[in-house]
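Residues per chain, in single letters:
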Amino acid sequence: AACRIYPGDRECLRLLAKAHQKVGLHKEAIEYFRRLILLSDKNKCSFDEINYSIAKSLFAMELYSQAQSLIQSIIDSNPKNLKAIILMGKILVKQGNLIDAIHLVFKNFLVEPDHKATRKFIGENVVNDKQIEILKAELGDGIFNPNVLFYVGDILNEFGSSYAS
């Protein structure tokens, strides 16, 4: 009702979009996010945040290549956007590109070694021998940052992997 009374209210549109997204009404959420883009300042951060939200809904709708296009533009403009990198990793996994996903997400350790979503991504996607080998190849010998070896072992232990040792 508030958005009918105040159709140009950005906060109202943002809240409506988020609410629709949260309950799984992704098509509607995308529409609200697109309307929000039209009303937003020309701030790159705002556009990235809105596009990230649209990409999340596209991902939920299994429209992976569309989500990937949006996320790639965010990563291109801000390679340290950890949320976008995690979502891109999830997209790559759904597309069957686990090696690329692990390679991409692993870069998050260089930005923030204890990033919760990165830990969860690694813990949920490294679950068998083949995936462990991919992770080991990505780790290398740990010369550049030995703490990363500790974090990965801790993650695998936290998620119950028998490979943690």
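Residues numbered from 1 in each chain as written. Predicted model: local features only at pLDDT ≥ 70, side-chain atom pairs only at ≥ 80, totals over all residues. Heavy atoms only, no water.

Asks: Is there a simple way to think about helix H6 (residues 82-94) in this case?
Replies: In an α-helix, one turn spans 3.6 residues, which is why side chains three or four residues apart end up on the same side. When the terminal C-alpha atoms of H6 are compared, their 19 Å separation across 13 residues agrees well with the 18 Å that a helix rising 1.5 Å per residue should span. Residues Leu 82, Ala 84, Ile 85, Ile 86, Leu 87, Met 88, Gly 89, Ile 91 and Leu 92 constitute the buried set of H6. The N-capping residue of H6, defined by a side-chain oxygen 3.4 Å from the backbone nitrogen of Lys 83, is Asn 81. Positive backbone phi, at 85 degrees, marks Gly 96, one or two positions downstream of H6. (Helix = DSSP H or I, 4+ residues; strand = E, 2+ residues; numbered from the N terminus. Expected span 1.5 Å × (residues − 1). Buried < 20%, exposed > 50% of the residue type's maximum accessible area, 1.4 Å probe, protein only. Polar contact = N/O pair within 3.5 Å; in protein donor to acceptor, adjacent residues only side chain to side chain.)

Asks: Please clarify how the nonpolar core should be interpreted in this entry.
Replies: Burial of nonpolar side chains together is a common tendency in soluble globular proteins. Residues Ile 71, Ile 122 and Leu 135 are the most contacted members of the largest nonpolar core, which totals 42 residues. Tallying contributions element by element places H6 first for this core, with seven residues. Residues contacting Leu 135, with those up to four places away along its chain left out, are Ile 102, Phe 106, Ile 122, Val 126, Val 152 and Leu 156. (Core = buried A, V, L, I, M, F, W, Y, C linked by side-chain atoms within 4.5 Å. Contact = heavy atoms within 4.5 Å.)

Asks: What is the right way to look at the pattern of salt bridges in this model?
Replies: A pair can form between side chains of opposite charge whenever their charged atoms are brought close. Counted by the stated rule, this structure contains five salt bridges. Two residues, Arg 34 and Glu 31, come together in a salt bridge whose shortest N-O distance is 3.9 Å. Of this pair, Arg 34 and Glu 31 both sit in helix H3 (residues 26-39), separated by three residues, roughly a single helical turn. The partly exposed category is assigned to Glu 31, whose relative accessible area is 45%. A salt bridge links Lys 83 to Glu 49; the nearest nitrogen and oxygen atoms lie 2.8 Å apart. Taken together, the positions of Lys 83 in helix H6 and Glu 49 in helix H4 (residues 44-60) put the pair 34 residues apart, joining distant regions of the chain. Judged by its relative accessible area of 37%, Lys 83 falls in the partly exposed class. (Salt bridge = Lys/Arg side-chain N within 4 Å of Asp/Glu carboxyl O.)

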